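Chain residues, written in single-letter form:
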Amino acid sequence: MTSRTYEQFCGVARALDLVGERWALLVVRDLILGPKRFTDLRRGLPGIGTNVLAARLRELERGGVIERRMLPPPAASAVYELTQYGRSLEGPLLALGRWGASSMGPREPGQALRSEWLAVAFKAFFRPEAASGLTATVALRFADGAFRARIEDGALEVESGVRNGADLVLTTEVETLIAFLAGADVPPAALGPEGDTSLLERLPGIFAFGAIV
């Protein structure tokens, strides 16, 4: 818990005691896809100071939202990850993202955009009913990262990195893929597709990104 509290016997107030400080929810967002080192978190949160990030991590750890553990050799470095309690925040956080995206408008000059945030948005805008009966893997390759989305009969799993055996591989820019998923007139060639192009045609229906442009 942070040093400040609303001193209210209310679930909303309790949640804000735990994750209401500036940057706290963005740290949680950046841990949704898996554990990260301090340096990874610092690099992925443009504008955050080292001391502020350290403070948020301490507060989230005290609140039981995240935990710190050491990786075995040869890595032998510390990583932060969501606890089971912290992972239960994923659904509310994705819902909050959908709510905010509905009034976000076009990207302004100077606003940062990372492919990892798009990968998290995949989880937020996934429509299980549109993926019913579908089993497929989509590999996403961007200049600043790569991700793998596994769809299996209405369920979605997103993870960092790519593996062999994807049904569809896309090599593109983040904003280009967002525009395509939102229904804009994006030429398929701009997505650098390799593999099942019929799956590519289904993606805008499976990931309802129309709310964020």
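See the structure printed just above.
Residues numbered from 1 in each chain as written. Predicted model: local features only at pLDDT ≥ 70, side-chain atom pairs only at ≥ 80, totals over all residues. Heavy atoms only, no water.

Draft legend 1. Region of interest: the pattern of salt bridges. By the definition in use, this model includes 12 salt bridges. For Glu90, the salt bridge is made with Arg87, and the minimal N-O distance between the two is 3.1 Å. In this structure Arg87 comes out as partly exposed when scored by relative accessible area, which is 36%. Among the charged side chains, a salt-bridge network with shared partners connects Arg37, Asp40 and Arg43. (Salt bridge = Lys/Arg side-chain N within 4 Å of Asp/Glu carboxyl O. Buried < 20%, exposed > 50% of the residue type's maximum accessible area, 1.4 Å probe, protein only.)

Draft legend 2. Summary view of the sheet that holds strand β3 (residues 135-142). Spatially, 5 strands are ordered β5-β4-β3-β6-β7 in an open sheet, and the strand pairing comes out mixed. Where the open sheet ends on each side, the last strands, each with one partner, are β5 (155-160) and β7 (194-195). Here β3 pairs with strand β4 (residues 145-152) via 8 bridges, running antiparallel. Bridge assignment links Thr137 to a residue of β4, and that residue is Arg150. Packing of helix α7 (residues 115-124) onto the sheet brings it into contact with β3, β4 and β5, and relative to β5 it is tilted by some 165 degrees. Of the strands in this sheet, β3, β4, β6 (168-171) and β7 are in contact with helix α9 (residues 197-206), which crosses β6 at around 70 degrees. (Pairing = 2+ DSSP bridges. Helix = DSSP H or I, 4+ residues; strand = E, 2+ residues; numbered from the N terminus. Contact = heavy atoms within 4.5 Å. Axes fitted to C-alpha atoms, helices over the stretch in contact; angles between N-to-C directions.)

Draft legend 3. Main features of the environment of Ala166. Along the chain, Ala166 turns up in the loop between β5 and β6. With sequence-adjacent residues up to four places away left out, Ala166 is seen in contact with Thr137 and Ala139.

Draft legend 4. Highlighting the nonpolar core. Core analysis: the largest hydrophobic core is formed by 56 residues, its most contacted members being Phe122, Leu170, Leu177, Leu203, Phe207 and Phe209. The leading source of residues in this core is α7, at 6 residues. Those residues in contact with Phe209, other than ones at most four positions away along the chain, are Leu118, Ala121, Phe122, Phe125, Ile178, Leu181 and Ala182. (Core = buried A, V, L, I, M, F, W, Y, C linked by side-chain atoms within 4.5 Å.)

Draft legend 5. Expanded view of the pairing of β5. One ladder, built from 6 bridges, connects β4 with β5; its direction is antiparallel. Counted as the bridge partner of Ile151 is Leu156 from β5. The turn joining β4 and β5, which pair antiparallel and follow one another in sequence, is formed by 2 residues; a positive phi near 50 degrees is taken by Asp153.

Bear in mind that shape data such as this cannot, by itself, settle questions of function.
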